[in-house]
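# Chains, contacts and geometry: an overview
What follows is the residue order along each chain.
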Amino acid sequence: MKLTDQDLRILEFETYEQYLESLIDGKSLQYFGDRENLISLYRTGYRALTKEAFEAQRNFLQVAKDPNTLFSRNIVPKDTLLQELAERERPNRLGLLSTIIYIRCMKNSVEISGYIDYEEGLRRVHRDQQYSNDWRAIFEGRTVLYPTPVDLLYYNAKTDRSWKNNTRNYRILFDPRRGIIFRNMHDRKDIHPDPVASFYGTNTSRTEVPSELYEQAVLYDHVVRKNY
């Protein structure tokens, strides 16, 4: 996962107040006149990150900048699936491995299922972002990872509704014979999540993981062969 200079700019600020001050320029003051009013407006999220989003993004960038500093660091997860995800966190961050998580589970007495792009999920940490993930809490067992309508695929059995979303790592395709296909956007290889197939794609393996948290959990691990 490559960080841009714009991403890393947030790390220049030790506090949220320093970040807000950096956004003030002559043109902004010309329009709004008062410095304090402008700061108050920025605090609402207008043309700026909220305090919660700033702190979450800064924490994430500190982790992402150093792949040795992980959300799962110094945590020994109790559930088998979380143990497997902890082992895969660093190679997913580095872009060496791309893991798709399939989960089928009960939530509020409703069966839901879905496919999660793990690396994309690791980036979705802003507290004011819809369906954000608190990965420290997930690895510590204080909250549970569920598929959501913003993940690759999501299905709610009660409403019989499904959602699909392309991510920065995958495009969703449909084959009349093989069904769903996830195309990796880095090496253009296809992942076939057909559970009865013997071939899941080039450089791709399928691991069914026993878990006390879910009815079913499966990991599709794709070793990325980048074209550069």
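Here is a short report on the structure shown in this document. (Residues numbered from 1 in each chain as written. Predicted model: local features only at pLDDT ≥ 70, side-chain atom pairs only at ≥ 80, totals over all residues. Heavy atoms only, no water.)

## A few points about the sheet that holds strand 8 (residues 204-208)
Short version of the rule: A pair of strands is labelled paired if DSSP reports no fewer than 2 bridges between them. Here a helix means four or more residues in a row that DSSP labels H or I, a strand means two or more in a row labelled E, and each is numbered from the N terminus. As a rule, the C-alpha atoms of each element are fitted with a line to give its axis, helices using only the stretch in contact, and angles between N-to-C directions run from 0 to 180 degrees.
In spatial order, the strands read 4-3-2-1-9-8; together these six strands make up an open sheet with antiparallel pairing. Edge positions in the open sheet fall to strand 4 (161-164) and strand 8, since each of these has one partner strand only. Mean inter-strand twist for the sheet, computed between neighbouring axes without regard to direction, equals 10°. In the sheet, strand 2 (residues 110-117) pairs with strand 3 (residues 153-156) via four bridges, with the strands oriented antiparallel. When the sheet's bridge partners are listed, S113 is paired in strand 3 with Y155.

## Focus: the pairing of strand 4
Pairing geometry for strand 3 and strand 4, over four bridges, is antiparallel. For Y155, the partnering residue across the bridge sits in strand 4 and is S162. What sits between strand 3 and strand 4 in their antiparallel hairpin is a turn of four residues, with D160 showing a positive phi close to 60°.

## Comments concerning the side chain of T99
Here is the rule: Distance and chemistry together define a polar contact, namely a pair of N or O atoms within 3.5 Å, with one atom able to donate a hydrogen and the other to accept it when in protein, and with adjacent residues in sequence counting only for side-chain atoms on both sides. Should any heavy atoms of two residues lie within 4.5 Å, those residues are considered in contact.
Tracing the chain through its elements places T99 in strand 1 (residues 97-107). A polar side-chain atom of T99 sits 2.8 Å from a polar atom in the side chain of D221. In this structure T99 touches R88, N92, I116, D117, Y118, L219, Y220 and D221, once residues within four positions along its chain are discounted.

## Focus on the packing of aromatic side chains
What counts, and what does not: Between the rings of Phe, Tyr and Trp (Trp by its six-membered ring), a pair exists once the centres lie within 6.5 Å; its type follows the angle of the planes, with under 30 degrees stacked, over 60 edge-to-face, and the other angles tilted. A simple rule labels every residue: compare its accessible area, found with a 1.4 Å probe on the protein chains alone, to the largest value its type can have, and call it buried under 20%, exposed over 50%, or partly exposed in between.
Per the stated rule, a full pass over the model turns up twelve aromatic pairs. Ring centres of Y19 and F54 lie 5.1 Å apart, and the angle between their planes is 25°; this geometry places the pair in the stacked category. Here the residue Y19 occupies a position in helix 2 (residues 16-22), and F54 occupies one in helix 5 (residues 51-65), the gap between them amounting to 35 residues. Its relative accessible area of 7% is what places Y19 among the buried residues. One aromatic cluster in this structure is built from Y102, Y115, Y170, F182, Y200 and Y220.

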